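Summary of structural features
Letter by letter, the chains look like this.
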Amino acid sequence: MPMNTSAPVRNIGNIDDWSTMKPELPKKEMDKDAFLHLMITQLRNQDPTNPQDNSQMIAQTAQFSQLEQLTNMTAAVDRLVAMQQQTMNFNAAAYIGLEARALGNTVQAYQGMTQNIEFKLPEASDEVQIMIYNSQGSFIDRLDVGALGKGLNSIAWDAYDSSGQVLPDGHYTYRVVAFGDDGNPMEVENYTYGLITAVRNEGGVSLFMMNNEEFLLEELESFYMPNISGGMPDPGSGGEEDTESDMT
């Protein structure tokens, strides 16, 4: 019976980093340093009795020059992109502290004060109701608004529940139910309004934090100076067309 005389492998655990045992893979593309090294090696090993033709040398030198220019151009573009990204981040940070309006159905209550509930009706309605929910989605209150006109409407909410108790500070959601002349509910655009408290960058895109939600810049329709009086913001005008110019 043949015997295995090879020595066993021991102390495998003494190898600190297995990644160092992997062979280095060759580059898929030749950079200018590799091109120059190849050209120098070619000149060093050419046949003295049959030297390289001058036209070939000029062609290779021109290729090396073009390669170097492309490499430098790529590096310059990378630096330009990095500078542009820094500028975008700096500009995005300037929005912190501004109040903004965006599509959404969140309203904030703070120390017994609330933001107005804003929404846009596609047409006038004789019957409008607003349902209020807490952060867990539980029903809190219903506002029977009555008749409202077409366009942007702003309705005050007193931050009380249906039993007359003051609601705790926090973010609440709402749902607007409006009926048209045919008696069917119409599609309503809801708005959320709040203070931009933070900005972060993700994959080159700026995300703005407002009312515990993140928005893209194009999702923020309008911007306002903060309300220095200490009360909750009220930018809307009930029952009128939305004529406010966007700052985006």
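1. What to know about the overall build of the chain
Each helix and strand counted, the chain has two helices and 12 strands in total. The order of α-helices and β-strands along the chain, N terminus first, is α-α-β-β-β-β-β-β-β-β-β-β-β-β. Across the 248 residues in the chain, those meeting the buried criterion constitute 28%. Partitioning the contacts of the chain with sequence separation of at least 6, the portion at a separation of at least 24 is 68%.

2. Structural notes on the confidence of the model for the chain
Of all residues in the chain, 62% have pLDDT values of 70 or greater, and the mean over the chain is 74. Taken as a whole, residues 6–21 scores under 50 in pLDDT and shows two contacts with residues more than four places along the chain or in a different chain. Contacts from residues 228–248, a stretch scored under 50 in pLDDT, to residues over four places away or in other chains number 51 contacts.

3. Section: a negative patch on the surface
On the surface, Glu123, Asp126, Glu127, Asp181 and Asp182 cluster together into a negatively charged patch. On the secondary structure map, Glu123 appears in the loop between strand S4 (117–121) and strand S5 (125–133). Judged by relative accessible area, Glu123 falls into the partly exposed class, the value being 36%.

4. Structural notes on the nonpolar core
In this structure, Ile117, Phe119, Leu121, Ile130, Ile132 and Trp157 are the most contacted members of the largest nonpolar core, which totals 21 residues. Breaking this core down by element, the ones donating at least two residues are strand S2 (106–110), S4, S5, strand S6 (139–148) and strand S8 (170–179). At four residues, the largest contribution of residues to this core is made by S8. Core analysis: the next-biggest nonpolar cluster, separate from the first, contains 10 residues, Ala92, Met210, Phe215 and Phe223 among them.

5. Focus: the packing of aromatic side chains
Scanning the entire structure with this criterion turns up five aromatic pairs. Ring-pair connections join several aromatic residues into one group, and the members of that group are Tyr95, Phe208 and Phe223. Directly above the ring of Tyr191 sits Arg101, whose terminal nitrogen or CZ lies 4.9 Å from the centroid.

Rules behind the numbers
Residues numbered from 1 in each chain as written. Predicted model: local features only at pLDDT ≥ 70, side-chain atom pairs only at ≥ 80, totals over all residues. Heavy atoms only, no water. Helix = DSSP H or I, 4+ residues; strand = E, 2+ residues; numbered from the N terminus. Buried < 20%, exposed > 50% of the residue type's maximum accessible area, 1.4 Å probe, protein only. Contact = heavy atoms within 4.5 Å. pLDDT = per-residue confidence, 0-100. Patch = residues over 30% accessible without salt bridge, like charges linked within 9 Å, V, L, I, M, F, W, Y side chains within 5 Å. Areas by Shrake-Rupley, 256 points an atom, 1.4 Å probe, with all protein chains shown as cover. Salt bridge = Lys/Arg side-chain N within 4 Å of Asp/Glu carboxyl O. Lys, Arg positive; Asp, Glu negative; His and termini not counted. Charge placed at Lys NZ, Arg CZ, Asp CG, Glu CD. Core = buried A, V, L, I, M, F, W, Y, C linked by side-chain atoms within 4.5 Å. Phe/Tyr/Trp six-rings, centres within 6.5 Å; stacked < 30°, edge-to-face > 60°. Lys NZ or Arg CZ within 6 Å of the ring centre and 35° of its normal.

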